[in-house]
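Summary of structural features
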Amino acid sequence: MKLLFLFYIFSISILSANIQLIKKENKDSNTTLLVVAGIHGNEPGGYFAASILATHYKILSKNLWIIPNLNQKSIIRNRRGIYGDMNRKFSVIKKNDQDKKIIEEIKEILLSEKVSLVLNLHDGHGFYRKKNQGSIFNPNAWGQTCVIDQCDLKQDQEFGNLNDIAIAVKDSVNKKLLKQHHSFDVKNTNTQYDDEAMQLSLTYYAVTNNKPAFAIETSKNLSSLSQKVFYQLLAIEEYMRIMDIKFQRNFDFNEDEIAKILNNYGTLSINRNILLNLSDIKKSLSYIPIKSKSNIFKFSHPLGDVRKTNGVYSVFIGNKFVTALKPQYFKLSKNCQEKLDFVIDGKKFSFQNTSEFFVTADFKVIKSKKQRVNIIGYQPKVSGDESEVPVSLSNLNKNYSVDKTNKTYRVEFYNKDEFCSMSMVHFK
Ligand SMILES: [Zn+2]
């Protein structure tokens, strides 16, 4: 057999107890860039950039590890740190600190032998300038900087010339600015001598263990999330070039394309029998047929999460609230059909049980032995089974649509009183 691939690329996501670590690796090298995002939950530029790195980049040589949402509980609440500042817990941490497990795990990852360079992504206040130019542009601002704790590590340490590397990155970013006042600079916190707070930080922990580490700070004062992500990715790509990590991205590098990617929330699978497209979903959906506990939620987006409060499941992508799912609890039937038969615009089709199908005029579900059908929003109401009933858009009550444009509806399958699966019908 002919060998088709000279190198083997794999992308694995390891959900250890507390941290999502996505590895994009090649067998040819131990050189690894570790990108850590979301240590502060209200700094979306960093964690949305990391999520795009995870989903839209292919690493062709060497390795990229991504932690897109270190402080996920704070991210979905859009707060810096619900248990205090996680980036001040790397020197000492109290026994009963709620972040303790995450801190212990991330420390271990930082010191992995493979990790060659660490980036910690933030959105900071204002625009850093060496001279004071008012409340937004001044030496105390953090925005638009490559931050280093000191100029160098031990002499023989690869990528240990932190200052030179940071200067090279900011020079490269400054060639591609969207606006002139977005310019980047190097901010050296001179942590060992001048900055007691930073001595407790992630990068300083890495640096004191002789791991090259930098922070990238895009400005909170940039006008859009897409601009923040643009600069984060621009800087990260430059670090990859410096490390000679070859990569491919599947989009054109500009703000509009990044905005499009950011608006795509992907899908949410629940218990493998419901598949929701989150990009155009209504702010709230009712009577979602799930179990009373132990539901399995799987997102295609690395920043997807569910938070249950007062019996409602709120769905988030990063710090963005997407939809509220109000449940109706069912047992899941073990006696269901995997394939379902339909007549769509006069032609017969079969689909997998969580498919989305497209209709121009009308459709009906072909009656099966095992399952009854409930078409959510169908009017006039049919009692019992709604298979063999022709359905067009005019039969459907808009209040029950799944999407904001009122074109997508739920077709649900039950075996007696137990839930089987949900399909989606989309009217063109
Ligand atoms: Zn921060």
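Some thoughts on the coordination of the zinc ion
Protein coordination at the zinc ion comes from His-40 (ND1), Glu-43 (OE), Glu-43 (OE) and His-122 (ND1), with a distance range of 2.1 to 2.4 Å. Given four donor atoms and angles of 57 to 154 degrees at the metal, the environment of the zinc ion is assigned as irregular.

So, the layout of surface pockets
Taken as a whole, the second largest pocket holds about 290 Å³ of empty space. Taken together, 13 residues line the second largest pocket, and the ones lying closest to its centre are Asn-271, Arg-272, Asn-273, Ser-333 and Cys-420. Taken together, the residues that form the lining of the second largest pocket break down as five nonpolar, five polar and three charged.

A short note on the packing of helix α4 (residues 162–173) against helix α7 (residues 225–242)
With their axes 9 Å apart at the nearest point, α4 and α7 run at an angle of 130 degrees to one another. The angle between α4 and α7 falls in the class oblique. Two packed elements cross with a definite hand, and for α4 against α7 that hand is right-handed. Residues Ile-165, Ala-166, Ala-168, Val-169, Ser-172 and Val-173 of α4 touch α7, and the partners they reach there are Tyr-231, Leu-234, Ala-235, Glu-238, Tyr-239 and Ile-242. The residue makeup of the contact of α4 with α7, split by class, is ten nonpolar, one polar and one charged.

A word on the environment of Lys-187
Turning to its location among the elements, Lys-187 is positioned in strand β10 (residues 185–188). Here Lys-187 falls in the buried class, since its relative accessible area comes to 9%. As for Lys-187 and Cys-146, which are separated by 41 residues in sequence, their C-alpha atoms are 6.1 Å apart.

Concerning the packing of aromatic side chains
Under the counting rule described, the total for this entry stands at 21 aromatic pairs. With 5.0 Å between their ring centres and 55 degrees between their planes, Phe-214 and Tyr-239 make a pair best called tilted. With Phe-214 in strand β11 (residues 213–219) and Tyr-239 in helix α7, the pair connects residues that are 25 residues apart, well separated along the chain. Its relative accessible area of 0% is what places Phe-214 among the buried residues. You can call Tyr-239 buried: its relative accessible area is 0%. Three or more aromatic residues joined by ring pairs form one cluster here, namely Tyr-57, Phe-184, Phe-230, Tyr-231, Phe-247, Phe-251 and Phe-253.

A few points about α7
For α7, built from 18 residues, the straight-helix expectation of 26 Å at 1.5 Å per residue is met to within 8% by its first-to-last C-alpha distance of 26 Å. With 16 of 18 residues buried, α7 lies mostly within the body of the structure. Within two residues after α7, Asp-244 carries a phi angle of roughly 60 degrees, on the positive side.

Observations regarding the sheet that holds strand β18 (residues 312–317)
Read across the open sheet, the four strands follow the order β15-β19-β18-β17; overall the sheet is mixed. Sheet topology places β15 (284–290) and β17 (304–309) at the edges, where each strand pairs with a single neighbour. Neighbour-to-neighbour, the strand axes of the sheet open up by a mean angle of 35 degrees, direction not taken into account. Where β18 meets strand β19 (residues 320–329), five bridges bridge the pair, whose relative direction is antiparallel. Each bridged residue has a counterpart across the sheet, and for Val-315 the counterpart in β19 is Thr-323.

Cut-offs applied
Residues numbered from 1 in each chain as written. Predicted model: local features only at pLDDT ≥ 70, side-chain atom pairs only at ≥ 80, totals over all residues. Heavy atoms only, no water. Donors = N, O, S within 2.8 Å, 3.2 Å for Na, K, Ca; no water. Tetrahedral: all angles 85-135°; square planar, octahedral: opposite > 155°, others 65-115°. 1 Å grid on protein atoms, 1.4 Å probe; cavity = no way out; pocket = protein on both sides within 12 Å on 5 of 7 lines; lining within 4 Å. Points joined across faces, edges and corners; volume = space filled by probe spheres on them. Nonpolar A, V, L, I, M, F, W, Y, C, P; charged D, E, K, R; others polar. Axes fitted to C-alpha atoms, helices over the stretch in contact; angles between N-to-C directions. Helix = DSSP H or I, 4+ residues; strand = E, 2+ residues; numbered from the N terminus. Parallel < 35°, antiparallel > 145°, perpendicular 65-115°, else oblique. Left-handed = near helix turned anticlockwise from the far one by under 90°. Contact = heavy atoms within 4.5 Å. Buried < 20%, exposed > 50% of the residue type's maximum accessible area, 1.4 Å probe, protein only. Phe/Tyr/Trp six-rings, centres within 6.5 Å; stacked < 30°, edge-to-face > 60°. Expected span 1.5 Å × (residues − 1). Pairing = 2+ DSSP bridges.

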